[in-house]
Amino acid sequence: MPTHSAVVVIGAGPGGYVAAFHAADLGLSVTLIDKAQNPGGVCLYRGCIPSKALLHAAKLLTEAEEAKNIGIDFAQPMVNLDKLRAWKDWVVSKLTGGLGSLTKQRKITYVQGEAVFTGSSSLGIKKPDGLSDTLTFDKAILAAGSRPVELPFLPKSNRVWDSTSALSLPYIPQTLLIIGGGYIGMELGCAYSALGSKITVVEALPQLLNGADRDLADMVIRRLNKDFTKIMVNTKVLRAEETAEGITVWFADKDGKEFQETFAQVLASIGRKPNTEGLGLEHTKVKLSPKGFIEVDAQRRTTDANIFAIGDIAGQPMLAHKASAEAKIAAETIAGHKVAFEPKVIPAVVFTNPELAWVGLTEIEAKEKNLDVTVFKFPWAASGRALTLDRTDGITKVIADPKTKRILGIGIAGMNAGDLISEGALAIEMGAVADDLALTIHPHPTLSEMIMETAEGLFGHCTHIARAKKP
Ligand code: FAD
């Protein structure tokens, strides 16, 4: 291990490893430090990737069941949990091992250990074997990520999971209470529901999946209401206790009425917080924002000129693609390029069944900001492709400026919304107007055609909807 590195990157998630790879490609000597044996971070080891592997299994189970609607009857599927878990773990190790190889190929020094700042240009590294090392650096990129917020009143028990333990797939509980109606809880709920758990959701706010427009979120919630046993909103968890039968949980509804129920398993999924503790930041000039994230400028430089911060630790949205985009800006800035992190939009996706995705302005935001917008919605029942997939449970929505016709936002609820939304992100980044989307010939029959037709419908005629506005 070298004693000095031009660039050191702390944390090898989608922020850190992308920063390290980019800095190395730009000709800088790079040391990448992470607690794990290979790069990957939360996203690959215990986030995006394992959750999507389980959701793929869930999709197969659901589609096999629903095939009867079109005249195909499968026998009751048998889930081999050990094999499913092994496959999911294989996906993770395939990807993280691949990142390890890419690290070597780029001649990046990879150090497994826990880094702690001892100054604005020095680090100590605690290795897994108990030994320590020190490293000095010209520039550091801090990408130490985030971790689940804990509920202090939940008992310490195997019957209480966070997202990491739920993704390890220890068993399929008969009943599972999910505390928190955000995207992580709902995705895990979809996976465990398809695998056979009876799901109950409790959310303190009046609705699930906050942030998305209600008409789109409702499309997903309608399905969750069918697949899950119970969804309780405006309801607080007061306390919980382990009993012989499981975890007994006490709730209070919006009128303060208390009630209790016992679950085999509880999943706490109430949010994530940045990993700012234990990094030795007190030995640097790095400052935290009032919300507890590391304060950064447009280049992702912290208040310490030598230290950059990216990803979950540097602010919302806590998403892998935001971390990777920031990573490139930090690496390029260090390499002397004049760049800034100023995306027009960052897409958000919820990989439930159906999926929910949006980018740019939502109708809720337009209302809050009192913006004059025009909106057109295309119900998937009018799509040939949706019908052939037996998935008409969707809406595509385009929001535009009524004067300039510029696209301001796109939202999609429906199958594969997560893949479809990229066209919206590109449109907004390119400053597209409705005609750009409407006049771009989309292949038929596809779900993507609906973006074209929705854009058509904004200002004129829409082939498959008779009541579209006149030009
Ligand atoms: P992380 O991925 O959190 O990586 C940080 C790394 O730093 C970790 O490996 C950690 O061990 C290491 N580290 C911390 N401290 C130190 C230290 N002192 N020394 C050395 N190493 C250290 N996002 C999406 O965009 N799409 C999704 O579908 C999605 N699904 C998710 C599902 C779940 C269940 C969860 C939990 C998250 C999901 N996310 C998703 C969020 C996504 O995982 C994070 O936004 C992303 O991982 C953040 O990347 P990062 O590089 O900032 O940090």
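Here is a short report on the structure shown in this document. (Residues numbered from 1 in each chain as written. Predicted model: local features only at pLDDT ≥ 70, side-chain atom pairs only at ≥ 80, totals over all residues. Heavy atoms only, no water.)

**Brief notes about the overall build of the protein**
No. 1: The number of helices and strands found in the protein is 13 helices and 22 strands.
No. 2: A compact globule built from 471 residues should have a C-alpha radius of gyration of about 23 Å, and the protein, at 24 Å, falls within 12% of that.
No. 3: In terms of its C-alpha atoms, the protein occupies a principal-axis envelope of roughly 70 × 65 × 45 Å.
No. 4: A buried classification covers 51% of the 471 residues belonging to the protein.
No. 5: Of the contacts made within the protein by residues no fewer than 6 positions apart, 62% connect residues no fewer than 24 positions apart.
No. 6: Of the roughly 21900 Å² of accessible surface on the protein, a fraction of 54% belongs to carbon and sulfur atoms.
No. 7: The centroid of the 51 positive side-chain charges in the protein is displaced by 1 Å from the centroid of its 52 negative side-chain charges. (Helix = DSSP H or I, 4+ residues; strand = E, 2+ residues; numbered from the N terminus. Rg over C-alpha atoms; globule rule 2.2 N^0.38 Å. Buried < 20%, exposed > 50% of the residue type's maximum accessible area, 1.4 Å probe, protein only. Contact = heavy atoms within 4.5 Å. Areas by Shrake-Rupley, 256 points an atom, 1.4 Å probe, with all protein chains shown as cover. Lys, Arg positive; Asp, Glu negative; His and termini not counted. Charge placed at Lys NZ, Arg CZ, Asp CG, Glu CD.)

**Here's the deal with the packing of aromatic side chains**
No. 1: Under the definition given, this model contains six aromatic pairs.
No. 2: Centroid distance F251 to F259: 5.2 Å. Interplanar angle 25°. Geometry classified as stacked.
No. 3: When its relative accessible area of 27% is taken as the criterion, F259 is described as partly exposed.
No. 4: Centre to centre, the rings of F251 and F263 are 6.3 Å apart; their planes meet at 85°, and the pair counts as edge-to-face. Note that F251 is positioned in strand β13 (residues 247–252) and F263 in strand β14 (residues 258–263), a separation of 12 residues in sequence. Each of the two residues, F251 as well as F263, counts as buried. (Phe/Tyr/Trp six-rings, centres within 6.5 Å; stacked < 30°, edge-to-face > 60°.)

**Overview of helix α3 (residues 48–66)**
No. 1: With 19 residues, α3 extends 26 Å from end C-alpha to end C-alpha; this agrees with the ideal 27 Å at 1.5 Å per step.
No. 2: As for α3, its buried residues are in contact with α2 (41–46), α4 (81–105), α5 (163–167), α6 (183–195) and α7 (214–227). (Expected span 1.5 Å × (residues − 1).)

**Regarding the nonpolar core**
No. 1: Membership of the largest hydrophobic core comes to 37 residues, with the highest contact counts inside it found for M186, L209 and L356.
No. 2: When residues no more than four places from it in sequence are discounted, the contact partners of L209 are G181, G182, Y183, M186, R214, A217, V220, I221, V350 and L356.
No. 3: By size, the runner-up hydrophobic cluster in this structure holds 32 residues, among which are F376, L420, I421 and A432. (Core = buried A, V, L, I, M, F, W, Y, C linked by side-chain atoms within 4.5 Å.)

**A closer look at the packing of α3 against α6**
No. 1: With their axes 8 Å apart at the nearest point, α3 and α6 run at an angle of 45° to one another. Here α3 lies oblique to α6, going by the angle between them. As for how α3 packs across α6, the hand of that crossing is left-handed. For the pair formed by α3 and α6, the contact residues are S51, K52, L54, L55, A58, L61 and T62 on the first element and E187, C190, A191, A194 and L195 on the second. (Axes fitted to C-alpha atoms, helices over the stretch in contact; angles between N-to-C directions. Parallel < 35°, antiparallel > 145°, perpendicular 65-115°, else oblique. Left-handed = near helix turned anticlockwise from the far one by under 90°.)

**Considering the sheet that holds strand β18 (residues 348–350)**
No. 1: Sheet architecture is open: five strands sit in the order β18-β19-β22-β21-β20, paired in antiparallel fashion. The open sheet has two edge strands, β18 and β20 (374–379), and neither has a second partner. Between one strand axis and the next, the sheet turns by 10° as a mean value, whatever way the strands run.
No. 2: Looking at chain direction, β18 and strand β19 (residues 355–360) are connected through three bridges and run antiparallel. Paired with V349 across the strands is A357, a residue of β19. (Pairing = 2+ DSSP bridges.)

**Topic: the pattern of salt bridges**
No. 1: The final tally for this structure, using the stated rule, is 21 salt bridges.
No. 2: Where D89 meets K88, a salt bridge forms, and the shortest distance between an N and an O atom there is 2.8 Å.
No. 3: With relative accessibility at 37%, the residue D89 sits in the partly exposed group.
No. 4: R147 serves as the salt-bridge partner of E277, at 2.9 Å between the closest nitrogen and oxygen. Pair noted here: E277 is in the loop between β16 (272–274) and β17 (307–309) and R147 is in strand β7 (residues 146–148), with a separation of 130 residues, a long-range link.
No. 5: Taking relative accessible area as the criterion, E277 reaches 56% and is therefore assigned exposed. (Salt bridge = Lys/Arg side-chain N within 4 Å of Asp/Glu carboxyl O.)

**Notes on the pairing of strand β9 (residues 175–179)**
No. 1: Taking burial as the measure, the five residues of β9 include four buried ones, the bulk of the element.
No. 2: Bridge analysis of β9 against strand β10 (residues 198–202) gives five bridges, and the strand direction is parallel. Residue pairing across strands places I179 opposite V202, the latter belonging to β10.
No. 3: Read from β9 through α6 to β10, the crossover connection turns out right-handed.
No. 4: In this structure, β9 lies alongside strand β15 (residues 265–268), joined through four bridges in parallel fashion. Bridging across to β15, L177 finds its partner in V266. (Right-handed = clockwise from strand over helix to strand, strands pointing away.)

**So, a nonpolar patch on the surface**
No. 1: Where nonpolar side chains cluster on the molecular surface, the patch consists of I70, I72 and F74 and spans about 320 Å² of accessible area.
No. 2: Structurally, I72 is set in the loop between α3 and α4.
No. 3: Looking at I72, the relative accessible area reads 40%, which means it is partly exposed. (Patch = residues over 30% accessible without salt bridge, like charges linked within 9 Å, V, L, I, M, F, W, Y side chains within 5 Å.)

**With respect to the state of the cysteines**
No. 1: Following the criterion strictly, the structure yields one disulfide and no others.
No. 2: For C43, the disulfide goes to C48, at an S-S distance of 2.5 Å. Judged by the torsion about the S-S bond (-130°), the C43/C48 disulfide is left-handed.
No. 3: A relative accessible area of 11% places C43 in the buried class.
No. 4: Looking at the unpaired C190, the closest cysteine sulfur is the one in C48, lying at 17 Å. (Disulfide = S-S within 2.5 Å.)

**Quick look at the side chain of T362**
No. 1: Residue position: T362 is located in the loop between β19 and α9 (363–368).
No. 2: By relative accessible area, which is 4% here, T362 ends up buried.
No. 3: Setting aside anything within four residues of it in sequence, one finds T362 in contact with G211, D213 and I399.

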